[in-house]
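One letter stands for each residue in the lines below.
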Amino acid sequence: VVFDSEGDHFIRHHIFGSHQFNDELQRLFNLDPFEAEAIKLGQETDVPMERVEETLDFLLGELSDEVNRSLSFYAANAGSRQPNKILLSGGGAMLPGIVDRLERELGLRCEVWDAFEAFETTVDIDEALQGQARSAFTVACGLALQEITV
């Protein structure tokens, strides 16, 4: 979504997440889903780490290319309006190196979006959801906000 105080200007969903990484690990190394998830979370396995890093590098390159195509399409239709940062969300936003890679290849500031910033709560979310868990709730937070504003 490209937006500002005036509202949405461009919306494009990129269906990329850490599940693609898991699927590719399973396919390449004949792993079950639990083994692939363990590798993604940085646990030691028999799979050579350099092969895991090559796989992640390839998938991040594909994501970068796809986002770049979307930004080029937007720029061709939006005139002088250009985005100044990219907000990453979901579990895939926590993949190692994704923020640095996208910043470098797209030339835009990137950061992981914390969906819980939109809520006032009586529960200490920081305490309940540490680290990677926060970004995994982006869809749930969006659906909750949609219900509130409809």
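Calculation criteria
- Residues numbered from 1 in each chain as written.
- Predicted model: local features only at pLDDT ≥ 70, side-chain atom pairs only at ≥ 80, totals over all residues.
- Heavy atoms only, no water.
- Buried < 20%, exposed > 50% of the residue type's maximum accessible area, 1.4 Å probe, protein only.
- Helix = DSSP H or I, 4+ residues; strand = E, 2+ residues; numbered from the N terminus.
- Arc of directions from axis to C-beta.
- Contact = heavy atoms within 4.5 Å.
- Expected span 1.5 Å × (residues − 1).
- Axes fitted to C-alpha atoms, helices over the stretch in contact; angles between N-to-C directions.
- Parallel < 35°, antiparallel > 145°, perpendicular 65-115°, else oblique.
- Left-handed = near helix turned anticlockwise from the far one by under 90°.
- Nonpolar A, V, L, I, M, F, W, Y, C, P; charged D, E, K, R; others polar.

Asks: In this structure, what is going on with helix H4 (residues 98-106)? I would like to understand it.
Replies: The α-helix winds at 3.6 residues per turn, so residues separated by three or four positions along the chain end up facing the same way. Those residues of H4 that fall on the buried side of the exposure criterion are Ile 98, Arg 101, Leu 102 and Leu 106. One face of H4 carries all of its buried residues, which in axial projection span an arc of 105 degrees. Exposed side chains of H4 directed beyond 90 degrees from the buried face belong to Asp 100 and Arg 104. Elements that come into contact with the buried residues of H4 comprise helix H3 (49-78), strand S3 (85-88) and strand S4 (109-112).

Asks: Where do I start with helix H1 (residues 18-29) in this structure?
Replies: A rise of 1.5 Å per residue sets the reference length of H1, with its twelve residues, at 16 Å; its end C-alpha atoms lie 16 Å apart and thus fit the reference within 8%. Buried residues along H1 sit against helix H2 (33-40) and H3.

Asks: Help me understand the packing of H1 against H3, please; the structure alone is not making it clear to me.
Replies: What describes two packed helices is the angle between their axes and the distance between those same axes. At a minimum axis separation of 10 Å, H1 and H3 run at an interaxial angle of 135 degrees. Relative to H3, H1 is oriented oblique. When you trace H1 past H3, the crossing you get is right-handed. Residue-level inspection shows Gln 20, Phe 21, Glu 24, Leu 25, Leu 28 and Phe 29 of H1 in contact with H3, the latter providing Arg 51, Val 52, Thr 55, Leu 56 and Leu 59. Among the residues making up the contact of H1 with H3, the classes are represented as seven nonpolar, two polar and two charged.

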